[in-house]
Amino acid sequence: MITISLFGRGGQGIKTASHIVGDVAFSSGNHVQDQPLYGAERRGAPISAYVRISQTPILERGQIANSSLVVIADDSLLDSSVDNPLQTVTDSTVIMINSSKDPSEIRTRHKINNVLVVSDLTKLTQDITHKSILGVAVASATCKLLGFEFELVEKSLKSELKEIGIHQEDISRNIELAKSCFNQTACAKIETITKIKIKESPIIEPIYHHPQISTCTITATGNSRLRDRGAWSNFKPVIDYDGCTKCMICYVYCPDSAFTIDSKGSPVVDYDACKGCNICKTECPTKVISLVRRENK
Amino acid sequence: MKQLITGNAAVATAVKLCNVEYIPAYPITPQTEIIELLSRWINEEKMDAKFVTYDSEHSMISAAGAASLTGARTFTASSSQGLLYAFEMLYNVSGWRAPIVLANVSRAVASPITMEPDHNDVLAARDSGFLQIHAETCQEVLDSVIMAYKISEDNRVRLPVIVNLDGFYLSYTREPVDIPEQELVSQFLPEYKPVFGYLNAQNPISMGVAVLSSNAYSYFKYQLHLASLNALTVHEEVSNQFEKLFGRKYGLVDEYMLDDADYVIVMTNSFTTMGKAAINRLREEGKKVGLLRIRMIRPFPKKVIAEKLAGKKAVGVIDQNVSVGSGGILYPEITSALYHSQERPKSIISFIGGLGGKKISISEFRHILSTLETSSHTDKFPVQSIMLFTEDDWGSVKEMLKIAGKGDVSGN
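Residues numbered from 1 in each chain as written. Chains lettered and ligands numbered in written order. Predicted model: local features only at pLDDT ≥ 70, side-chain atom pairs only at ≥ 80, totals over all residues. Heavy atoms only, no water.

A. Quick peek at the sheet that holds strand β5 (residues 101–106) of chain B. Residues and elements named next belong to chain B. Within the open sheet, the five strands sit side by side as β4-β5-β7-β6-β12. Their pairing is mixed. Each end of this open sheet is capped by a strand with a single partner; those strands are β4 (75–78) and β12 (296–298). Ignoring strand direction, the axes of neighbouring strands in this sheet form an average angle of 25°. The sheet contacts of helix α3 (residues 57–68) involve β4 and β5, and relative to β4 the element is tilted by about 160°. (Pairing = 2+ DSSP bridges. Helix = DSSP H or I, 4+ residues; strand = E, 2+ residues; numbered from the N terminus. Axes fitted to C-alpha atoms, helices over the stretch in contact; angles between N-to-C directions. Contact = heavy atoms within 4.5 Å.)

And the structure:
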């Protein structure tokens, strides 16, 4: 069985990517199972999706334990110990990461010794579709790594995007995007998983704890600081202070209270809290806020 | 034709194939996709049904029951808190003998809030008079909805049915599903045309009436029980007809490597798939272990369970639920089904696993088997249910407790 784990953030099209990969594998005559997994159904929150491809009926469900291929659509997830997209990696896993960073830097920083494909799918997606929804690019590159035919990718993405209500013009741009991603990605040798290897853990007998512990409450304060909330965004708002009238509309509209007002009355963005939602840019009456891609989050 | 669809899409597809006429709806994760698909198809005129959104699940179930009593084939869906919110009306709808089908997409019940499945939601409705069919695969989900109408509308039964599918593990999981031809489904399940007991202006009747008499109450209530028990026979007939037309056969229970097994693990719903994989692995290691999945939960197929488990050395029941203060919910039902069997297994042990969608790992299956082996060789039987929870599971919870501000928790 070939097992593929895809990691990204809500709104990036990861579920659609898993559907395209699933469709392509299915129309190539395989048994297929695919599933997205998400807790908070929220734009920007981490999501994962799993695709299992097999010659025989699949006797597995849920999260994949050992991945043949790990695809990471958002490199900020690599720094999160909670999401840990590398936890299903074995010695033979092929890893593909969407990043503008240097592959050797990623290798060193995250101690990766596997076959690693690093590709700036975000740039390609922006250049061609003028948007930053990565599903199609991720799916197309994944299908190429797996050695499937482009015709099947095109057929599936047309029907998947139509299904979720994407306009014809955008579908055409996405086909162009898929083609570029497909052509620039090389095939890889993807290992099949024959026997799952997991660390076995003994069963314990839970004992009673005081309600102070055993009631689901949070007593610690300020622990949202433990998560890099700004990691959610691929773009950051930048204010051109020359044209800013200090009207404070951005400050009022920001859903994450990421704006503060400095001593001169000018708005200042806290990039650790900004999720790049674009609302400030949309609401700014003098249009002095622009969005700039975050290179090193 | 086989298509890759989710469990939710399998439900919606079956509802469309059954020519359902009325769908009252209220959204809840992980069920919403079902009603989204149905409302879309109705909007696109691919389906001729009335779709109404309600202000709550309580109203939704009331409307479903009432609509069914006008003679309309009715479908509705819910999950978790939604099903619990509708609770009072579940008992009414079954008492009205309204043959609706309700898809419940299992999700663990708050508090604490979570999204993934266990069966405390659907099993809470076990005494309501609804029949319950619990599915393992997306194919079985589709087939069970079609079969459910046939059973439900049979005058030997005439009770509502819950078809249960696990949230995420089936609801959002795409698998190859053979979608039957409309013509065949219409042949299997003709138009619903009740000839008695439905609301009609020309022949007025009173429904949902009070009895205020214990004799009458006892009579009507026990009739529900008899109707439900009839479903055991009706299911078999319907299953045979279904097999003739569609080539797939469903029993009240489903067995896996059971015949020569000394030890048996009993499970329900989609986690059974993982159970089967574990059985394969344990068989490779030379263990004579098999699996029994209970598909029909209400009526509870006591006789067939007793037959299938007769002569086994030991049985482990995995309840993916917990009746707080008692243990697994299905365990006592299974033990009571076996009590008078001459060949009852020496030990039947209760396990609780998969709560809130926690995966049941190979370590846990191994633990079940070794507990069964030990108990069949010794005379030691645990009094309480055994929780399937590993040292690693506890390690991750300890981390969370620390972040939540509870310090280093000692113990375990």
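There's plenty left to go through after this.
B. Seen up close, the packing of aromatic side chains. Residues and elements named next belong to chain B. Enumeration over the complete set of coordinates arrives at nine aromatic pairs over all chains. Residues F242 and F246 carry aromatic rings whose centres are separated by 4.5 Å and whose planes lie at 40° to one another, so their mutual orientation is tilted. On the criterion of helical spacing, the pair formed by F242 and F246 is a turn pair, its members being four residues apart in helix α9 (residues 214–246). Here K16 stacks its cationic end above the ring of W41, 5.5 Å away from the centre of that ring. Seen from the ring of F188, K150 lies directly overhead, with NZ or CZ sitting 5.1 Å from the centre. (Phe/Tyr/Trp six-rings, centres within 6.5 Å; stacked < 30°, edge-to-face > 60°. Lys NZ or Arg CZ within 6 Å of the ring centre and 35° of its normal.)

C. Layout of the interface of chain A and chain B. Taken together, the 47 residues of chain A in the interface contact 49 residues of chain B. Summing both partners gives a buried area of about 3,900 Å² for chain A against chain B, and 53% of it is carried by carbon and sulfur. Considering only the surface of chain A that becomes buried against chain B, L59, R61 and I203 of chain A emerge as the three largest contributors, covering 21% of it. The interface formed by chain A and chain B contains nine salt bridges. Inspection of the chain A/chain B interface yields 28 residue pairs in polar contact (both at pLDDT 80 or more). Mapped onto the side of chain A that touches chain B, the elements with two or more residues apiece are α1 (14–27), β2 (31–37), α5 (150–163) and α7 (211–214) of chain A. (Buried area = accessible area lost by both parts, 1.4 Å probe. Salt bridge = Lys/Arg side-chain N within 4 Å of Asp/Glu carboxyl O. Polar contact = N/O pair within 3.5 Å; in protein donor to acceptor, adjacent residues only side chain to side chain.)

D. Layout of a nonpolar patch on the surface. All names here are of chain A. On the surface, a nonpolar cluster with roughly 450 Å² of combined accessible area is contributed by M248, Y251, V252, Y253 and I279. Tallying contributions element by element places helix α8 (residues 249–253) first for the nonpolar patch, with three residues. Mapped onto the fold, I279 is located in helix α9 (residues 279–283). (Patch = residues over 30% accessible without salt bridge, like charges linked within 9 Å, V, L, I, M, F, W, Y side chains within 5 Å. Areas by Shrake-Rupley, 256 points an atom, 1.4 Å probe, with all protein chains shown as cover.)

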